[in-house]
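Next come the chains, spelled out residue by residue.
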Amino acid sequence: MASLSGLASALESYRGRDRLIRVLGYCCQLVGGVLVEQCPARSEVGTRLLVVSTQLSHCRTILRLFDDLAMFVYTKQYGLGAQEEDAFVRLVSVLGNLADQLYYPCEHVAWAADTRVLHMDSSRWWTLSTALWALSLLLGVARSLWVLLKLRQRLRSPTAPFTSPLARGKRRAVEAQMQSEMLSLLSNLADLANAVHWLPRGVLWAGRFPLWLVGLMGTISSLLSIYQAVRAGGQAEAATP
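Computed from a predicted model, the values in this text were never measured in an experiment.

What follows deals with the overall build of the protein. In terms of helices and strands, the protein carries eight helices and zero strands. Counted from the first residue to the last, the protein has its helices and strands arranged as α-α-α-α-α-α-α-α. Across the 241 residues of the protein, 34% fall into the buried class. Surface accessibility of the protein: about 14700 Å² in total, with carbon and sulfur atoms responsible for 65%.

So this is what it looks like as C-alpha cells:
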C-alpha cells in the first residue's frame, strides 16, 4: 500500500508523470520494434505499440512547451556557478544550462511548424534542437567523467585515510556521490546514442539504429532516471529528523 501511495504521489508531480510517460513510451517502442522486425505474426501488435510510443512522445513534446520558465529560473539561480569549487565543472555546467535553455524554443518552433501554426520547414529546427540536446548530454558526460576522476583521486589520496568513524562516514558519502555520477553518466550516454541517431544522416551513426535499439537506449536511460529519483527521495527522507 505504501508503494502504491508513493507512486500516486509521484504522479501528482510534473516530473514524476513525465518520467512515467517517458519509460512507457520507450518500452512500447522497444517491444513494438522487436515484434515488427522479429515476429511477423505479431507485427500488427508491434505497429500499434509503435503508434502508442509516438503519441506518448508527442504528449511530452507538448508538455515541454511550458518548461522554458522553469529552465530560465534554474539557469538564473545557477548563474556562472560561483558555488562550484572546480572551474571545469563550472564551465561545462554553464554551457550545459545554455544549451538546455536554447533547446526549448527551438523545439517549440519545430512543433509549431509541424502543426502548421508557423509556415516554415520544421526539419531544420528539429535538427537544431536535437544538436543542442546532444551537446548538453555530451557536456553532462564530460562533467560526470571529470567528477568521477576527482572523487577517485580523493579516495586514493594518502592524506585522506578515512580511518576514523567520521572519516568513514565521509568515505561512504564520496562513494554514494560516485555511484550517483556513474548512473548519470550511463543515462546520458544512452540518451546521447539516441540523440546522434536522430541527427541528419552522415553524422556518425545517425539514422542507423533500428526502432528496438532506440527503444532500448531510451528505456535504459528512463529506468536509470527513475531509480535516481527514488534513491534521492529515500536519502532525503533518511536525512529528515
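From this point, the discussion proceeds with the structure in view.
Turning our eyes to something else, we now look at helix 5 (residues 87-114). Given a rise of 1.5 Å per residue, 28 residues ought to cover 40 Å, and the 41 Å separating the end C-alpha atoms of helix 5 matches this to within 8%. Among the residues of helix 5, the N-terminal cap falls to Asp-86, whose side-chain oxygen and the backbone nitrogen of Phe-88 are separated by 2.8 Å. Immediately downstream of helix 5, the backbone of Arg-116 shows phi near 70 degrees, a positive value.

Here we take up the pattern of salt bridges. Tallied over the entire structure, the rule returns five salt bridges. Glu-44 is the partner of Arg-48 in a salt bridge, and the nearest nitrogen-oxygen pair spans 2.7 Å. Of the two residues, Arg-48 and Glu-44 both sit in helix 3 (residues 43-63), four residues apart, roughly one turn of that helix. Taking relative accessible area as the criterion, Arg-48 reaches 54% and is therefore assigned exposed.

Mapped onto this structure's residue numbering, the UniProt feature "transmembrane region" (unreviewed entry) falls at residues 125-149 and 209-227. Along residues 125-149, the helical share is 100% and the strand share 0%, with 36 Å between the first and last C-alpha atoms. Span residues 209-227 is 89% helix and 0% strand, its end C-alpha atoms 26 Å apart.

Here Val-89 shows up in helix 5. With relative accessibility at 5%, the residue Val-89 sits in the buried group. Taking the C-alpha atoms as reference, Val-89 lies 7.7 Å from Trp-146; in sequence the two are 57 residues apart. Leave out the neighbours within four places in its chain, and Val-89 touches Tyr-78, Glu-84, Arg-143, Trp-146 and Val-147.

This brings us to the packing of helix 2 (residues 14-38) against helix 3. Helix-helix packing: each pair is described by the crossing angle between the helix axes and the interaxial distance. Put simply, helix 2 and helix 3 touch, their axes get as near as 7 Å, and they point 155 degrees apart. In terms of axis orientation, helix 2 runs roughly antiparallel to helix 3. Considering the relative orientation of helix 2 and helix 3, their crossing is left-handed. Split by residue class, the contact of helix 2 with helix 3 holds 14 nonpolar, eight polar and three charged.

In this section: the environment of Ala-193. By the element assignment, Ala-193 lies in helix 7 (residues 165-197). Of the residues examined, Ala-193 reaches a relative accessible area of 10% and is grouped as buried.

Looking now at the packing of helix 5 against helix 6 (residues 123-156). Two elements in contact, helix 5 and helix 6, have axes whose closest approach is 8 Å; the angle formed by their N-to-C orientations is 160 degrees. Viewed along their axes, helix 5 and helix 6 adopt a mutual orientation that is roughly antiparallel. Every pair of crossing elements has a handedness; the one defined by helix 5 and helix 6 is left-handed.

We now examine the nonpolar core. Judged by nonpolar contacts, Val-89, Val-141, Val-147, Leu-148, Leu-151, Leu-155, Val-174, Met-178 and Leu-185 together constitute the single largest core of nine residues. Mapped onto this core, the elements with two or more residues apiece are helix 6 and helix 7. Sorting elements by how many residues they give to this core places helix 6 first, with five residues. Among the nonpolar cores identified, the runner-up in size contains seven residues, and Tyr-26, Ala-190, Ala-193 and Leu-213 belong to it.

Here is what the cut-offs are and how they apply
Residues numbered from 1 in each chain as written. Predicted model: local features only at pLDDT ≥ 70, side-chain atom pairs only at ≥ 80, totals over all residues. Heavy atoms only, no water. Helix = DSSP H or I, 4+ residues; strand = E, 2+ residues; numbered from the N terminus. Buried < 20%, exposed > 50% of the residue type's maximum accessible area, 1.4 Å probe, protein only. Areas by Shrake-Rupley, 256 points an atom, 1.4 Å probe, with all protein chains shown as cover. Expected span 1.5 Å × (residues − 1). Polar contact = N/O pair within 3.5 Å; in protein donor to acceptor, adjacent residues only side chain to side chain. Salt bridge = Lys/Arg side-chain N within 4 Å of Asp/Glu carboxyl O. UniProt positions renumbered as here; feature names shortened; annotations may be inferred. Contact = heavy atoms within 4.5 Å. Axes fitted to C-alpha atoms, helices over the stretch in contact; angles between N-to-C directions. Parallel < 35°, antiparallel > 145°, perpendicular 65-115°, else oblique. Left-handed = near helix turned anticlockwise from the far one by under 90°. Nonpolar A, V, L, I, M, F, W, Y, C, P; charged D, E, K, R; others polar. Core = buried A, V, L, I, M, F, W, Y, C linked by side-chain atoms within 4.5 Å.

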